[in-house]
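# Structural description and commentary
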Amino acid sequence: AGSESALEAPLNQPVSKKRKANELLSQDLKDVSSSSNVEEAGSQMKAMGAQMAQIDGEENVEEPKNEFFLENCKAKLMYQITSEFSENDNFVRGLKYAPDGLCILSYSNDNMIRLYEPKLGLGDVDYIPPSPALSVKEHGTIYDLAWYPYMSSNSPETCVFLSTSHKTPMHLWDAFTGKLRATYRSYDYADEITAALSVAFSTCGRKIICGFDRHIRIFDITRPGRDCETRSLLKSVKVRGQKRRREGQRGLISSIASHHNLSGIYACGSYAGSTYIYEENSGKAICSLFAHSNGTTQVKFSYDGTRLWTGGRKDDYILEWDLRKLQVLKSYQRKCDSNQKYSFDVTPNDDRYLITGTQNGEILVFDTKKCDKNQLDGKVDDSKGDTNENDTQRNLQEPDEKEPRIKTSPSLQRYKGPGDAVNSISIHPHFSSACPIVTASTGERKFWLEAFDEPTSDEDASCNASTVERQDSSRERCPDSHNAIAMYTFRSEKM
């Protein structure tokens, strides 16, 4: 981050008031970073937070809409990054572009966080695979990453990202130096460190929302340490004539997403298969959605906030929800038969295209604007008003083969990925005709399962022993895994 690159050209376009205000506050952030007193730095951050709160209440400038159409374009592989992931079991677990689009984060199975600065070559063919500009080592399996929402490479003080890993606190890292900026610690009932399974910044960027087992915790970014607000997602309810029962969201919170434009709400998906939307200030549940019986692994709001996409493990469908009626608009089919998390992404500003990877190594592009009407075959009639939320949840949890099923939107384009399962997709935040870049990561965990019969004699035992030695030696040179980060660009077929 911070170096000149060919990607800076498409970034010179109108931005929202929040981003302009973020640049104006860069001088204050420099004072915070240079302050040696933690309390003084915290008070300065609080003052900046008050200024950002005033900006939140003002009318935002509309960002330009994306008028780039992929119907007449074809994806071209620019380059692959494979040198850091040459080992069979070292696959990339996820990717996330920085908000300014100048760098991208990846975290892999070797517990390393790597930051890349994509650079384009001068010609149409000479694309240069970058080396990691920054590498950070975590002490356990990395669960999730989150960029500061108003990160800008022009303001080094805002270039931070958050990570959570197994049995360790949450770490706030400096994207320029790789140094640890702050630590946020969570403790369980035995007063031992417990790790968050998912993390996200609030819309305003002043709070950190992290998910645990049946509860979430909210940290103030200006107050590192163990001070936080714990909110249980299960409430004890007394029903007349019945015993008290606990209602709410169950399971491990696997994914958290903040609303893009409306500050104060966020969505949580759990491995129990539910998705809840909460108010940030009160913690009250606004609505609940049930669909993925094997667990929800990703939730994502649309730009206008009227829709929500959810994806699950061992689930071949990504669902698009209408939050005004609490019903499914359409579904997008992909192959996902394992417990691995497969992340999808949607083009920014217009939500026109949804791009996802599959377990069989394909990249699928869907047009979300098509088939908006009559998605349910006779199941939903707009003339009858809104459908009952309980009926919708019951139909999704217990589908009847005799009832009409939700129509699936056909894929607009289908590409073969560079190797193994495509487990993560990240679209450039300024995706347009000037910067049509999509990055994907490939790789999956592979197990060597060999079955041998029980030896019945000494001769059979010696034969089995020699077979095991031959197979162990062959595993070291088995080239089945292909772990890589691949960058694609969409070009018009006429070019």
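What you are looking at is a predicted structure, and each value in this text was computed from that prediction instead of being measured. (Residues numbered from 1 in each chain as written. Predicted model: local features only at pLDDT ≥ 70, side-chain atom pairs only at ≥ 80, totals over all residues. Heavy atoms only, no water.)

## Thoughts on the overall build of the protein chain
Stated formally: Here a strand is any run of E in DSSP of at least two residues, a helix any run of H or I of at least four, and the numbering for each starts at the N terminus. Only protein chains enter the area calculation, which uses a 1.4 Å probe; residues under 20% of their type maximum are buried, those over 50% are exposed, and those in between are partly exposed. We call two residues contacting when some pair of their heavy atoms lies within 4.5 Å. Accessibility throughout is a Shrake-Rupley quantity obtained with a 1.4 Å probe, and a residue counts as covered only by protein chains that appear here.
Check the secondary structure of the protein chain and you find 5 helices and 31 strands. Here the protein chain holds 495 residues, and 51% of them are scored as buried. At a minimum sequence separation of 6, the contacts of the protein chain that also span at least 24 residues come to 57%. Here the protein chain displays about 24,500 Å² of accessible surface, and carbon together with sulfur accounts for 47% of that area.

## Notes on the environment of Phe301
Relative to the elements of secondary structure, Phe301 occurs in strand β20 (residues 296–301). In this structure, the C-alpha to C-alpha distance between Phe301 and Asn261, residues 40 residues apart in sequence, is 9.9 Å. Once you skip the residues sitting within four places of it in the chain, Phe301 turns out to touch Ala257, Ser258, His259, His260, Tyr266, Ala267, Ile277, Arg307, Leu308, Trp309 and Leu323.

## Quick word on the environment of Gln413
Using the following cut-off: Throughout this description, a polar contact denotes any pair of N or O atoms lying within 3.5 Å of each other; where both atoms belong to protein, one of them has to be capable of donating a hydrogen while the other can accept it, and for residues adjacent in sequence the pair is counted only when both atoms sit in side chains.
Along the chain, Gln413 turns up in strand β28 (residues 413–416). Remark: the alpha-carbon pair of Gln413 and Val365, spanning 48 residues in sequence, is separated by 5.0 Å. Among the polar contacts listed, one links the side chain of Gln413 to the backbone oxygen of Cys73, at a separation of 2.8 Å.

## Thoughts on the sheet that holds strand β12 (residues 215–220)
For clarity, the threshold we go by: Whether two strands pair comes down to DSSP finding at least two bridges between them. To get an axis, fit a line to the C-alpha atoms, keeping to the stretch in contact for a helix; angles then go from 0 to 180 degrees between the N-to-C directions.
Sheet architecture is open: 4 strands sit in the order β10-β11-β12-β13, paired in antiparallel fashion. Strand pairing shows two members of the sheet lacking a second neighbour, β10 (198–201) and β13 (229–232), which therefore form its edges. Here the average twist between neighbouring strands, direction ignored, is 20°. Strand direction decides the pairing type here: β12 and β13, joined by 4 bridges, are antiparallel. Bridge pairing in β13 places Ile218 opposite Glu229.

## Considering the sheet that holds strand β6 (residues 142–147)
Judged by pairing direction, the sheet is antiparallel, and its 4 strands sit side by side in the order β6-β7-β8-β9 without closing on themselves. Either end of the sheet is taken by a strand with one partner, and the two such strands are β6 and β9 (180–184). With strand direction ignored, the average angle separating the axes of adjacent strands in the sheet is 20°. One ladder, built from 4 bridges, connects strand β8 (residues 170–174) with β9; its direction is antiparallel. Opposite His171, over in β9, you have Thr183 as the bridge partner.

## Some thoughts on the confidence of the model for the protein chain
The line we're drawing: Per-residue confidence from the prediction method is given by pLDDT, with values spanning 0 to 100.
In this model, the protein chain carries a mean pLDDT of 77, and residues with pLDDT of at least 70 account for 69%. Low pLDDT (under 50) marks residues 55–66, which in the prediction has 23 contacts with non-local residues, meaning those over four places away or in another chain. The model gives residues 470–479 a pLDDT under 50, and that stretch makes 7 contacts with residues more than four places away or in other chains.

## Here we look at the pattern of salt bridges
Short version of the rule: By convention in these notes, a salt bridge is any Lys or Arg side-chain nitrogen within 4 Å of a carboxyl oxygen on Asp or Glu.
Counting across every chain of the model gives 17 salt bridges. One salt bridge in this structure joins Lys300 and Asp345, with 3.6 Å as the shortest N-O distance. Taken together, the positions of Lys300 in strand β20 and Asp345 in strand β24 (residues 344–346) put the pair 45 residues apart, joining distant regions of the chain. An identical accessibility class is assigned to Lys300 and Asp345; each is buried. Where Arg324 meets Asp322, a salt bridge forms, and the shortest distance between an N and an O atom there is 3.1 Å. Given the relative accessible area of 60%, Arg324 is considered exposed. Judged by its relative accessible area of 6%, Asp322 falls in the buried class. A single salt-bridge network, built from bridges that share partners, covers Arg307, Glu320, Lys330 and Asp351.

## Topic: the side chain of Ser163
Checked against the element boundaries, Ser163 lands in strand β7 (residues 160–165). Within the structure, Ser163 has its side chain in polar contact with the side chain of Glu138 (distance 2.6 Å). For Ser163, the side chain forms a polar contact with the side chain of Trp173, separated by 2.9 Å.

## What about the side chain of Thr158?
Of note, Thr158 is situated in the loop between β6 and β7. Polar contacts involving the side chain of Thr158 include one to the main-chain amide nitrogen of Ser152, which spans 3.1 Å. Reaching out from Thr158, the side chain makes a polar contact with the backbone oxygen of Ser155 at a distance of 2.7 Å.

## A short note on the packing of aromatic side chains
Remark: the centre distance and the inter-plane angle together describe each pair of aromatic rings, the angle taken between the planes. Cut-off, in case you're wondering: Here a Phe, Tyr or Trp ring, Trp counted by its six-membered ring, pairs with any other such ring whose centre lies within 6.5 Å, and the pair is stacked when the planes are under 30 degrees apart, edge-to-face when over 60, and tilted otherwise. Two limits define a charge over a ring: the Lys NZ or Arg CZ must be within 6 Å of the ring centre, and within 35 degrees of the ring normal.
Taken as a whole, this structure holds 10 aromatic pairs when the rule is applied. Judged by centre distance (5.8 Å) and plane angle (65°), the rings of Tyr184 and Phe219 are edge-to-face. With a gap of 35 residues between them, Tyr184 in strand β9 and Phe219 in strand β12 connect regions that are remote in the sequence. Each member of the pair, Tyr184 as well as Phe219, carries the same accessibility label: buried. Each ring, one from Tyr415 and one from Phe490, has its centre 6.2 Å from the other, and the planes form 70°; the classification is edge-to-face. Residue Tyr415 is found in strand β28, and its partner Phe490 is found in strand β31 (residues 484–492); the two are separated by 75 residues along the sequence. Residue classification places Phe490 among the buried positions, given a relative accessible area of 5%. Ring pairs connect the aromatic residues Tyr266, Tyr276, Tyr278 and Phe290, which therefore count as one cluster. We note Arg217 situated over the ring of Phe212; from NZ or CZ to the ring centre the distance is 4.9 Å. Looking at Arg226, its charged tip hangs above the ring of Tyr187, at a distance of 3.9 Å from the centre.

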